[in-house]
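Now for the letters of each chain:
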Amino acid sequence: METIKLTQFSHGAGCGCKIAPSVLETILKNNEAPLHFKNLLVGNKERDDAAVLDLGDGTALISTTDFFMPIVDDAKDFGRIASTNAISDVYAMGGTPLLAIAILGWPVSKIDPQHAALVLEGCREVCASAGIPLAGGHSIDSPEPFFGLAVSGKVKVENLKKNSTAQEGDLLFITKPIGVGIMGTALKRGILKEEDYAVFVNTMTQLNKVGESLGALASVHALTDVTGFGLAGHLIEMCEGSGLTAELEYQKIPLLPGIEFYTNQFCFPDNTTRNLNSYKDKMEGMDGLEFITLCDPQTSGGLLIAVSPADLNAYTSVIKNSGLENIALEPIGKLTKKQEKWVKLI
């Protein structure tokens, strides 16, 4: 089988393929009165990570889909990353994934289908780690390769976590370092260091399983995962939905080790600028190069968590039991009453 570089066949990379927030608003705009479904707990209007439907027995169905073009050249790694990313949306609602079906687009005349088989091999590996079956899917012959999953999950209604239910005084935590988009661009430019590749891939293939345990904690008021809109964008969504301002301590935001080598070369995705243009007027203090990391589109990023400071013991226990104590025990900011801007760097 011929050695290929998947990223050469796509114009975007990972969650950086997302349509810009302002463009997405135009696409989703609907002047007609929306149909009302009383059991729909989370839908389009909430701008959350997944749809949630109350089943009427104390549990709810979580439904989500996510797919994108390659962020790495290795086909199996691509399958692992895309699958981890899609399953994350269920964890970000405080839920448990149940099953997945695959979404595959492949340029069969350009890339040997055996590479697509490796993508699915990586997918099955991740699904097994999450304890769910890859139960089917759909494929098309497409100009560019893309892959992802539609995932179904469940959650007790009382454990459902939204991105819009944070409370004043909550502390903010994150479970993965920032910088995936920057390293993905470095890979595409051929300057990613060999020793950084493993860190880059391992970060994106780390399942956000902790979300299921966080869902059971009353002290966790809001939850979301950080993906294509960057930390800035997903934090702003949380703030707008909750009617609060985030005071973000920039120096406490965890970054991938060695990321300065790439940021010093102004190596970042084009969509970083897209995110900046969408969010700069909603932030205070982002006056220099902070945008390179704050607006960096993450692929399969970590969970952003709003936790009551009055009851951190249960949260701390969950984080330690999940092996995340090195990154998710120190808050990166807090939520206050609404100020002039949605996010304030301090």
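Heads up: the structure comes first, above all this text.
So, a few notes on the structure that sits alongside this text.

Analysis parameters
Residues numbered from 1 in each chain as written. Predicted model: local features only at pLDDT ≥ 70, side-chain atom pairs only at ≥ 80, totals over all residues. Heavy atoms only, no water. Salt bridge = Lys/Arg side-chain N within 4 Å of Asp/Glu carboxyl O. Helix = DSSP H or I, 4+ residues; strand = E, 2+ residues; numbered from the N terminus. Buried < 20%, exposed > 50% of the residue type's maximum accessible area, 1.4 Å probe, protein only. Contact = heavy atoms within 4.5 Å. Axes fitted to C-alpha atoms, helices over the stretch in contact; angles between N-to-C directions. Parallel < 35°, antiparallel > 145°, perpendicular 65-115°, else oblique. Left-handed = near helix turned anticlockwise from the far one by under 90°. Nonpolar A, V, L, I, M, F, W, Y, C, P; charged D, E, K, R; others polar.

When charged atoms on two side chains of opposite charge get close, those side chains can pair. Enumeration according to the criterion identifies nine salt bridges in this entry. For R47, the salt bridge goes to E237, with nearest N and O atoms at 4.0 Å. You can see R47 sitting in the loop between β1 (40-42) and β2 (51-54) and its partner E237 sitting in helix α7 (residues 230-242), a full 190 residues away along the chain. One salt bridge connects E240 with R47, and the closest N-O pair in it is separated by 3.4 Å. Taken together, the residues span a long stretch of sequence, with E240 in helix α7 and R47 in the loop between β1 and β2 at a distance of 193 residues. Classification of R47 by relative accessible area gives partly exposed; the value is 41%. Overlapping salt bridges, with partners in common, bring together K76, D77, R80, E121 and E125 in one network.

Turning to its location among the elements, L294 is positioned in helix α10 (residues 291-294). When the C-alpha positions of L294 and F229 are compared, they lie 9.4 Å apart, and in sequence the two are 65 residues distant. Aside from chain neighbours lying at most four places away, what touches L294 is G230, L231, A232, L248, Y250, I253, M283, M286 and L345.

At their nearest, the axes of helix α4 (residues 180-189) and helix α5 (residues 194-204) sit 10 Å apart, and the two run at 135° to each other. By the angle between their directions, the pair α4 and α5 is classed as oblique. Crossing geometry of α4 relative to α5 is assigned as left-handed. Residues V180, M183, G184 and L187 of α4 pack against D196, Y197, F200, T203 and M204 of α5. Here the contact of α4 with α5 is composed, by residue class, of six nonpolar, two polar and one charged.

These results come straight from atomic positions and should not be treated as a statement about function.
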